[in-house]
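Chain and residue survey
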Amino acid sequence: MISHPSSFAILGAGLMGRLLALALARAGHRVSLYDQQGADAQGSAARVAAAMLAPLAESAVTEPGVVRMGEHALVRWPQLLAQLPEPVFFQQNGTLVVWHRQDAADAARLRLQFETTRTTVPTLPAMEALGSDRLTTLEPALAGRFAQGMYLPGEGQLDNRQLLAALAHALVQAGVTTHWNTPREVTDFAPGTAGQPDWLLDCRGLGARHQWSALRGVRGEVVRVHAPEVTLQRPTRLVHPRYPIYIAPKEDHLFVIGATEIESDDLSPASVRSALELMSAAYAVHSGFAEARIVEIATQCRPTLPDNLPAVRQSAPRVVEINGLYRHGFMIAPAMLDVVLQLLSTGQSPLAATFDLSVQLL
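Okay, so let's go over this structure. (Residues numbered from 1 in each chain as written. Predicted model: local features only at pLDDT ≥ 70, side-chain atom pairs only at ≥ 80, totals over all residues. Heavy atoms only, no water.)

1. Describing the pattern of salt bridges
In total, this model carries 17 salt bridges according to the counting rule given. Glu128 is paired through a salt bridge with Arg134; the nearest N and O atoms lie 2.8 Å apart. With relative accessibility at 26%, the residue Glu128 sits in the partly exposed group. Residue classification places Arg134 among the partly exposed positions, given a relative accessible area of 34%. Measuring nitrogen to oxygen at the nearest pair gives 2.9 Å for the salt bridge that ties Asp265 to Arg209. In this pair, Asp265 sits in the loop between β14 (254-258) and α7 (272-285) while Arg209 sits in the loop between β10 (199-202) and β11 (216-226), placing the two residues 56 residues apart along the sequence. One network of salt bridges, with partners in common, ties together Glu58, Arg237 and Arg327. (Salt bridge = Lys/Arg side-chain N within 4 Å of Asp/Glu carboxyl O. Buried < 20%, exposed > 50% of the residue type's maximum accessible area, 1.4 Å probe, protein only. Helix = DSSP H or I, 4+ residues; strand = E, 2+ residues; numbered from the N terminus.)

This is the structure:
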C-alpha cells in the first residue's frame, strides 16, 4: 500500500503510462515519467490504432473478462475525457458489421459468437440483425450495397492521437516531470531506498521484454485516408475470408482502416499485399474510397502475452508491471488503470476478479 504522498517513477509513456501518471499526480503524488521517444508517442502501439471501444465485436477474438473490461471502458472514457484540458473526439454510435454474399457462412458463425457472448455477459446490449432497409436507415451511405448486416449498439471509439496529445498537455498541468527521449530499465532504479522513488511502474509494452520474457510482438498495419466522398456514422467491420476489416471514421472524413495481425515483431514498412487488401476492402464497402488520399500507412507491434490477455505483476518489492494489452489497448486501458490504482491503494483489487485479470503480487 502506498503512503500519501509517495513518489513514482513510470517507465513508458504510451497510453497506460500517461493515464497512470496523470491519475497519480492528480491524487497528490510526485511522478516522473520516462520514455525512449518524444511526447508525440512515436514508437507507441497506442499511436497506431483505431481506438475502437467494441466489447461485443471483439468477443469474437477474446475472453469474457476482456469483454467486461470493454463494458467498463464505455462508462469510464467519458469521465476521463471530461477531465482533460482539450476536447478529444469520442463517439458512441455502435458498430456496424456487413458482409458480401459469398461470406454469409462466416457472418452466421460470427452472429452465433455474439449470441454466445451475451449468455456469458448478459449486460451487453443485444445485437440487432439488419435487413437492407434497416441498414440503410442506420448508415445511409451504404444504401443498396449490402443485403444484410448486424448492429452492435452502444459501442464506441475515440481519436487516439488527439487523446495522446491531450494527455501530454494534462501531464504538464498536473506537475508530472517528463523525461522524453530517455530510455530507462527497471534495473536503473532501487525503489524505496534513499534518493530513489518510492514505487516503480513499468508500462513499456514491448520495451519491457528484457524484464518480462514471455512478451511477444503481434504486428499490425493500418492505413489512414482522407475520403471527402465518404460519410460513415460509426465504425464498420467487413466480414472477410482471412480477417475482419475495420473502417473507423474519425473527424473531417479521416478514416482508419486496419485488420492485419501477423505473429512478428517486425517493424518494417507495410507490405504491398497488406496495403492492397486493406484498401480494396474499404473500396468494397464504399466506392468513394477510390478517390481517397492516403495520409499514412503505419505499422506497429502490439505487446502480447502467451494467452493474449493483459496482466499485472509485482516483479520485486515496490515494482509493478502492467503489460499484454495486445489489440485491446484503448478498450481495456480504463479497467487496467482502475485495477492498478486499487492495488496501490489497498493491496488488492475487487475489479481484477470481475475482469478475470491475472494479478501476481509478492
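2. Here we look at the sheet that holds strand β4 (residues 90-91)
Read across the open sheet, the three strands follow the order β3-β8-β4; overall the sheet is antiparallel. Edge positions in the open sheet fall to β3 (52-53) and β4, since each of these has one partner strand only. Bridge analysis of β4 against strand β8 (residues 156-158) gives two bridges, and the strand direction is antiparallel. For Phe90, the partnering residue across the bridge sits in β8 and is Leu158. (Pairing = 2+ DSSP bridges.)

3. A look at the layout of surface pockets
The computed volume of the second largest pocket comes to approximately 320 Å³. Contributing to the lining of the second largest pocket are 17 residues, with Ala60, Leu110, Val239, Tyr243 and Pro244 lying nearest its centre. Elements that contribute at least two residues to the lining of the second largest pocket include exactly α2 (55-58), α4 (104-120) and β12 (236-238). Counting residues per element, the lining of the second largest pocket draws most heavily on α4, which supplies three residues. Looking at the lining of the second largest pocket, its residues break down into 11 nonpolar, one polar and five charged. (1 Å grid on protein atoms, 1.4 Å probe; cavity = no way out; pocket = protein on both sides within 12 Å on 5 of 7 lines; lining within 4 Å. Points joined across faces, edges and corners; volume = space filled by probe spheres on them. Nonpolar A, V, L, I, M, F, W, Y, C, P; charged D, E, K, R; others polar.)

4. Looking at the pairing of strand β7 (residues 148-152)
For β7, a buried count of four out of five residues is recorded, marking the element as mostly surrounded by other parts of the structure. Bridge count between strand β5 (residues 95-98) and β7: four bridges; the pairing is antiparallel. Bridge pairing in β7 links Val98 to Gly149.

5. Quick notes on unusual backbone geometry
In most cases, non-glycine residues show a negative phi, while peptide bonds are predominantly trans. The phi dihedral of Ala51 falls on the positive side, at around 55°, and the residue is not glycine. Along the chain, the position of Ala51 falls in the loop between β2 (30-34) and β3.

6. A word on the packing of aromatic side chains
In the structure shown here, the tally under the stated rule is two aromatic pairs. When the centroid spacing of 5.5 Å and the interplanar angle of 65° are considered together, the rings of Tyr34 and Phe189 count as edge-to-face. Of this pair, Tyr34 sits in strand β2 while Phe189 sits in the loop between β9 (177-179) and β10, and the two are 155 residues apart along the sequence. Owing to a relative accessible area of 13%, Tyr34 belongs among the buried residues under this scheme. Residue class for Phe189 comes out buried when judged on its relative accessible area of 15%. Ring plane angle 80° and centroid distance 5.1 Å describe the contact between Phe255 and Phe289, whose orientation is recorded as edge-to-face. Here Phe289 lies in the loop between α7 and β15 (293-304) and Phe255 lies in strand β14, a separation of 34 residues in the sequence. The pair formed by Phe255 and Phe289 is uniform in burial state, with each residue classed as buried. Across from the ring centre of Trp212, 4.1 Å away, lies the NZ or CZ of Arg313, which sits over that ring. (Phe/Tyr/Trp six-rings, centres within 6.5 Å; stacked < 30°, edge-to-face > 60°. Lys NZ or Arg CZ within 6 Å of the ring centre and 35° of its normal.)

Function cannot be read off these values alone, since they describe shape.
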